[in-house]
Amino acid sequence: MSAESINRSRAVDWSLRVYLVLAYLFIFAPIAASFVFSFNSDRFPSIPLGQFSLEWYKAVATDPLVWEGMGNTLVIGLVVGCVSTLLGFGAAYTDYRYNFFGKQIYMALALLPPTIPVIIMGLAMLAFLSRVNLSGQALSVVIAHVVICAPFAMAIIRLRLSQMDPALEPAAWNLGASEWATMRHVIVPFTKPAIFGALFITMAVSFDEFAIAWFVSGLNETLPVKVLGFLQGQVSPRINAIGTFVFVISMTLVILAQILLSGRVTPVTDDKE
Amino acid sequence: MRRAISIYGLTFSLPLLVWQVLFFVAPLVFLVALSFWTVKNFTMRPDFDPVNWVTMYGKPVFWQAYGITFALAASASVLASLLAFPCSYAIAFKLSDRARRWAVFLMVIPFFTSYLVRVYSWQIFLSDAGIVNVLLGQIGLGPYAMLNTPGATMVGYMTLSLPLVILLQLFSLVFIDRNLIEAAHNMRCGRLRTVFEVVIPSARTGLVIAALFCFILTFGDFVSPVYLGGGDPTTLSILITDTTKSGQQWPRAAVIALTMIGTLLAVAFVAVRFAYAGQAKGARK
């Protein structure tokens with residue numbers, strides 16, 4: 001890297017590194033604590049720790065409400081992932097291939113929804129969907145989640161398309177392939193890793209989203225909405241157990257996505273809004 | 001490449017357009033209409049009456065919440081930017097490629113852990129008999145009341161926004177032309193001066209956008225103010241959830257929501273102008 005010999009002060013370098021470690025400690029402290037306390041026998045979490053125990057996992061596993069929430073979360077996440085990825089793929093390809101009047105507005109629709117605060121989206125969705133008799137169903141959560149997830153899919157797939165040689169598609173046409181055939185044999189295979197990456201990331205986003213789901217889900221609560229309910233009730237290490245469990249699922253999806261998107265282009269740099 | 005509208009093209013472009021117009025634009029537009037509806041005997045009726053706007057804007061409670069929310073979000077943006085910069089700077093310039101990739105990967109993990117669980121976890125740290133107070137007790141300090149204070153809200157805000165701010169800052173720092181930094185060093189520009197005269201101006205757009213995202217996130221968050229701040233002072237997001245969940249006062253909640261959107265648009269506009277104006281000035285130098 002630059003400036004190897006000039007202006008290097010070991011003290012500054014080391015204090016920067018120490019600061020970096022402290023920052024990571026701050027960011028990971030709550031995650032680590034939730035993991036540790038999910039195995040702690042005491043009802044009220046404090047140090048020194050009690051004994052190692054799986055009782056909170058047992059409490060969670062025997063709670064039918066948790067299973068119901070989990071079922072809703074999984075089904076909704078799967079549908080949201082598929083629909084968002086399809087819509088996102090279409091939008092990414094449209095942006096890659098076409099130029100048209102009003103494209104900026106189109107792109108705003110394709111990218112902006114995650115920047116609207118979830119609380120406002122939740123209220124707007126609740127008011128609107130209940131007006132058209134769509135609120136209080138699992139479908140309402142799907143609708144709302146696709147709105148905020150499709151932009152993530154679009155961004156991930158667009159990134160992959162931008163790495164494609166633009167001459168590839170015209171070359172296929174010149175060789176006599178129709179647009180549809182070119183899509184099937186050139187574009188889709190090339191973007192396949194990003195398609196699966198987008199699928200897993202959007203599923204992970206849907207798994208964790210609670211605010212909008214809280215507004216529109218009615219009785220079909222997802223797991224995060226149940227956690228919100230637990231938080232409003234009394235303190236319970238069950239939250240830690242659920243949190244750790246959901247964390248493992250989400251991380252599995254993200255790592256799968258990461259592997260698919262290949263280690264070459266640190267891919268997750270543009271999908272973190 | 002421009003062609004006549006074809007079935008092929010529409011197949012790919014239309015679905016997202018239809019979905020977002022139906023389920024993103026329409027709800028937001030409906031929110032505007034809703035804010036003019038009236039509520040009588042706990043039922044809403046379509047109307048065109050500015051009464052909700054007049055009522056909400058006439059309430060000192062609303063303006064108090066507005067001021068507090070704005071101040072909290074603005075301080076969070078400044079604080080997050082300041083806390084994040086040494087991190088993103090260290091990751092961008094002091095780590096090897098391999099270590100940097102790991103640093104980025106680690107920084108992405110928080111996005112996929114439940115924010116609710118992390119906030120709950122902070123309660124374990126900050127409560128009166130919590131980890132921090134126990135540790136402070138070991139060296140003879142405290143206990144301090146930390147939970148249910150604005151400080152605790154800020155801890156939650158940092159949990160929410162710091163990873164994003166670091167990543168966005170990092171994204172702009174890694175694209176700085178390293179020759180510029182080398183040149184500054186060659187001209188005997190000191191370390192700090194290089195940071196302030198080369199690194200920050202070059203990365204200005206990214207730094208401002210990062211702060212903007214922090215503002216957007218914290219301005220609308222209700223989890224930290226409720227579960228770490230104890231719901232006091234009341235923020236606009238708390239006001240919205242209370243107004244929505246208690247009775248049929250959705251039109252008033254709509255007024256709050258629209259005021260928030262208006263504020264965010266204004267802040268975003270100013271921030272973007274500032275971000276790019278800074279860049280143009282930097283280019284002229």
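Note that the structure is predicted; figures quoted are calculated from it, not measured.

Considerations on the overall build of chain A
Line of reasoning, step 1. Of regular secondary structure, chain A possesses 11 helices and zero strands.
Line of reasoning, step 2. Seen in sequence order, chain A has helices and strands lined up from the N terminus as α-α-α-α-α-α-α-α-α-α-α.
Line of reasoning, step 3. Relative to its 273 residues, chain A shows a buried fraction of 53%.
Line of reasoning, step 4. Across chain A, contacts joining residues at least 24 apart in sequence account for 72% of those joining residues at least 6 apart.
Line of reasoning, step 5. Of the roughly 11900 Å² of accessible surface on chain A, 69% is carried by carbon and sulfur atoms.

Considerations on the overall build of chain B
Line of reasoning, step 1. When its secondary structure is counted, chain B shows 12 helices and two strands.
Line of reasoning, step 2. What you see in chain B, going N to C, is helices and strands ordered as α-β-β-α-α-α-α-α-α-α-α-α-α-α.
Line of reasoning, step 3. With the principal axes as the frame, chain B shows a C-alpha extent of 75 × 75 × 35 Å.
Line of reasoning, step 4. Here chain B holds 285 residues, and the buried ones make up 52% of them.
Line of reasoning, step 5. Residue pairs at least 24 apart in sequence account for 71% of intrachain contacts in chain B once pairs closer than 6 positions are excluded.
Line of reasoning, step 6. Of the accessible surface of chain B, which amounts to about 13200 Å², a share of 68% is contributed by carbon and sulfur atoms.
Line of reasoning, step 7. Distance between charge centroids for chain B: 10 Å, based on 21 positive and 10 negative side chains.

Describing a nonpolar patch on the surface
All names here are of chain A.
Line of reasoning, step 1. Taken together, V18, V21, L22 and L25 make up a surface patch of nonpolar side chains, about 380 Å² in accessible area.
Line of reasoning, step 2. Along the chain, the position of L25 falls in helix α1 (residues 10-37).
Line of reasoning, step 3. By relative accessible area, L25 is classed as exposed at 52%.

Considering the layout of surface pockets
Unfilled space is identified by rolling a water-sized probe across the atoms.
Line of reasoning, step 1. Counted as a void, the second largest pocket has a volume near 690 Å³.
Line of reasoning, step 2. Taken together, 27 residues line the second largest pocket, and the ones lying closest to its centre are B:S81, B:L82, B:F85, B:Q169 and B:L207.
Line of reasoning, step 3. Going through the elements one at a time, α1 of chain A together with α3 (60-94), α9 (191-220) and α12 (250-284) of chain B are the ones with two or more residues in the lining of the second largest pocket.
Line of reasoning, step 4. The dominant element in the lining of the second largest pocket, judged by the number of residues it contributes, is α9(B), at 12 residues.

Topic: the UniProt feature "transmembrane region" (unreviewed entry) in chain B
Residues and elements named next belong to chain B.
Line of reasoning, step 1. What UniProt calls "transmembrane region" (unreviewed entry) maps, in this numbering, to residues 12-37, 65-91, 103-125, 154-176, 196-219 and 253-276.
Line of reasoning, step 2. Taken end to end, residues 65-91 comprises 100% helix and 0% strand; its first and last C-alpha atoms sit 38 Å apart.
Line of reasoning, step 3. Secondary structure across residues 196-219 comprises 100% helix and 0% strand; the distance between its end C-alpha atoms is 29 Å.

Considerations on the packing of aromatic side chains
Line of reasoning, step 1. Summed over all chains, the structure comprises 36 aromatic pairs over all chains.
Line of reasoning, step 2. Note on B:F36 and B:W53: the rings are 6.1 Å apart at their centroids and 35° apart in plane angle, and the pair reads as tilted. Of this pair, B:F36 sits in the loop between α1 (7-34) and β1 (38-40) while B:W53 sits in helix α2 (residues 51-57); the two residues are 17 residues apart in sequence, bridging distant segments of the chain.
Line of reasoning, step 3. For A:R17, the ring lying beneath its charged end belongs to A:W14, and the centroid distance is 5.3 Å.
Line of reasoning, step 4. The positively charged end of B:R204 is found above the aromatic ring belonging to B:F274, 4.2 Å away from the centroid.

Quick look at the environment of A:P166
All names here are of chain A.
Line of reasoning, step 1. Structurally, the position occupied by P166 is in the loop between α6 (138-161) and α7 (168-174).
Line of reasoning, step 2. Judged by relative accessible area, P166 falls into the exposed class, the value being 57%.
Line of reasoning, step 3. As for P166 and R97, which are separated by 69 residues in sequence, their C-alpha atoms are 9.0 Å apart.

Some points on the UniProt feature "transmembrane region" (unreviewed entry) in chain A
Residue and element names in this part refer to chain A.
Line of reasoning, step 1. Following the UniProt record, the feature "transmembrane region" (unreviewed entry) maps to residues 18-39, 74-93, 105-128, 134-157, 194-219 and 239-261 here.
Line of reasoning, step 2. Measuring from the first to the last C-alpha atom of residues 18-39 gives 30 Å, for a span that is 91% helix and 0% strand.
Line of reasoning, step 3. Counted over residues 239-261, helix gives 96% and strand 0%. Its end C-alpha atoms are 32 Å apart.

Some remarks on the state of the cysteines
Two cysteines, two sulfur atoms, one covalent bond between them: this is a disulfide.
Line of reasoning, step 1. Applying the stated criterion across every chain yields a total of zero disulfides over all chains.
Line of reasoning, step 2. For A:C82, which is in no disulfide, the shortest distance to another cysteine sulfur is to A:C149 and amounts to 12 Å.
Line of reasoning, step 3. The class for A:C82 is partly exposed, based on a relative accessible area of 38%.
Line of reasoning, step 4. Left unpaired, B:C214 is separated from the closest cysteine sulfur, that of B:C87, by 14 Å.

Quick word on the pattern of salt bridges
Residues and elements named next belong to chain A.
Line of reasoning, step 1. Using the criterion set out here, one finds nine salt bridges over all chains in the structure.
Line of reasoning, step 2. Across the pair D63 and R238 runs a salt bridge whose closest N-O atoms are separated by 3.7 Å. Remark: R238 occurs in helix α11 (residues 238-260) and D63 occurs in the loop between α2 (55-61) and α3 (64-97); sequence separation between them is 175 residues.
Line of reasoning, step 3. Judged by relative accessible area, which is 22%, R238 ranks as partly exposed.
Line of reasoning, step 4. A salt bridge links E221 to K226, with the shortest nitrogen-to-oxygen separation between them at 3.1 Å.
Line of reasoning, step 5. On the basis of relative accessibility, which here comes to 25%, the residue E221 falls in the partly exposed class.

Comments concerning the packing of helix α5 (residues 118-131) of chain A against α6(A)
All names here are of chain A.
Line of reasoning, step 1. Viewed as axis vectors pointing N to C, α5 and α6 meet at an angle of 135°, and their least axial separation amounts to 11 Å. Relative to α6, the element α5 lies oblique. For the crossing formed where α5 meets α6, the hand is right-handed. Contacts between α5 and α6 pair M121, M125 and L129 from the former with S140, I143, A144 and V147 from the latter.
Line of reasoning, step 2. Considering only residue class, the contact of α5 with α6 consists of six nonpolar, one polar and no charged.

What to know about the interface of chain A and chain B
How big an interface is tends to be reported as the loss of accessible area on association of its parts.
Line of reasoning, step 1. Each side of the interface is counted separately: chain A has 97 residues, and chain B has 103 residues.
Line of reasoning, step 2. Summing both sides of the interface, chain A and chain B together bury roughly 9000 Å²; the carbon and sulfur share of this comes to 79%.
Line of reasoning, step 3. Counting the contacts that link chain A with chain B gives one salt bridge.
Line of reasoning, step 4. A:D13 serves as the salt-bridge partner of B:K94, at 3.1 Å between the closest nitrogen and oxygen.
Line of reasoning, step 5. Between the two partners, chain A and chain B, sit 11 residue pairs in polar contact (both at pLDDT 80 or more).
Line of reasoning, step 6. It is α1(A) that provides the largest number of residues to the side of chain A that touches chain B, a total of 17 residues.
Line of reasoning, step 7. Grouping the amino acids of the side of chain A that touches chain B by side-chain chemistry returns 68 nonpolar, 19 polar and 10 charged.

Some remarks on the nonpolar core
Line of reasoning, step 1. In terms of nonpolar packing, the biggest core is built from 182 residues, with A:I120, B:L31, B:L173 and B:L236 touching the most fellow members.
Line of reasoning, step 2. In this structure, B:L173 is in contact with B:F85, B:S88, B:Y89, B:A92, B:F93, B:V199 and B:A203, ignoring residues within four places of it in sequence.

Observations regarding the confidence of the model for chain A
Line of reasoning, step 1. Mean pLDDT over chain A works out to 85, with 90% of the residues at or above the 70 mark.
Line of reasoning, step 2. Of the regions scoring below 50 in pLDDT, residues 264-273 of chain A engages in 24 contacts with residues more than four places distant in sequence or in other chains.

Details of α11(A)
Line of reasoning, step 1. Over its 23 residues, α11(A) runs 33 Å from end to end, which matches the ideal 33 Å to within 8%, given 1.5 Å per residue.
Line of reasoning, step 2. Looking only at α11(A), the buried set comprises A:I239, A:N240, A:A241, A:I242, A:G243, A:T244, A:V246, A:S250, A:M251, A:L253, A:V254 and A:A257.

Rules behind the numbers
- Residues numbered from 1 in each chain as written.
- Chains lettered and ligands numbered in written order.
- Predicted model: local features only at pLDDT ≥ 70, side-chain atom pairs only at ≥ 80, totals over all residues.
- Heavy atoms only, no water.
- Helix = DSSP H or I, 4+ residues; strand = E, 2+ residues; numbered from the N terminus.
- Buried < 20%, exposed > 50% of the residue type's maximum accessible area, 1.4 Å probe, protein only.
- Contact = heavy atoms within 4.5 Å.
- Areas by Shrake-Rupley, 256 points an atom, 1.4 Å probe, with all protein chains shown as cover.
- Lys, Arg positive; Asp, Glu negative; His and termini not counted.
- Charge placed at Lys NZ, Arg CZ, Asp CG, Glu CD.
- Patch = residues over 30% accessible without salt bridge, like charges linked within 9 Å, V, L, I, M, F, W, Y side chains within 5 Å.
- Salt bridge = Lys/Arg side-chain N within 4 Å of Asp/Glu carboxyl O.
- 1 Å grid on protein atoms, 1.4 Å probe; cavity = no way out; pocket = protein on both sides within 12 Å on 5 of 7 lines; lining within 4 Å.
- Points joined across faces, edges and corners; volume = space filled by probe spheres on them.
- UniProt positions renumbered as here; feature names shortened; annotations may be inferred.
- Phe/Tyr/Trp six-rings, centres within 6.5 Å; stacked < 30°, edge-to-face > 60°.
- Lys NZ or Arg CZ within 6 Å of the ring centre and 35° of its normal.
- Disulfide = S-S within 2.5 Å.
- Axes fitted to C-alpha atoms, helices over the stretch in contact; angles between N-to-C directions.
- Parallel < 35°, antiparallel > 145°, perpendicular 65-115°, else oblique.
- Left-handed = near helix turned anticlockwise from the far one by under 90°.
- Nonpolar A, V, L, I, M, F, W, Y, C, P; charged D, E, K, R; others polar.
- Buried area = accessible area lost by both parts, 1.4 Å probe.
- Polar contact = N/O pair within 3.5 Å; in protein donor to acceptor, adjacent residues only side chain to side chain.
- Core = buried A, V, L, I, M, F, W, Y, C linked by side-chain atoms within 4.5 Å.
- pLDDT = per-residue confidence, 0-100.
- Expected span 1.5 Å × (residues − 1).

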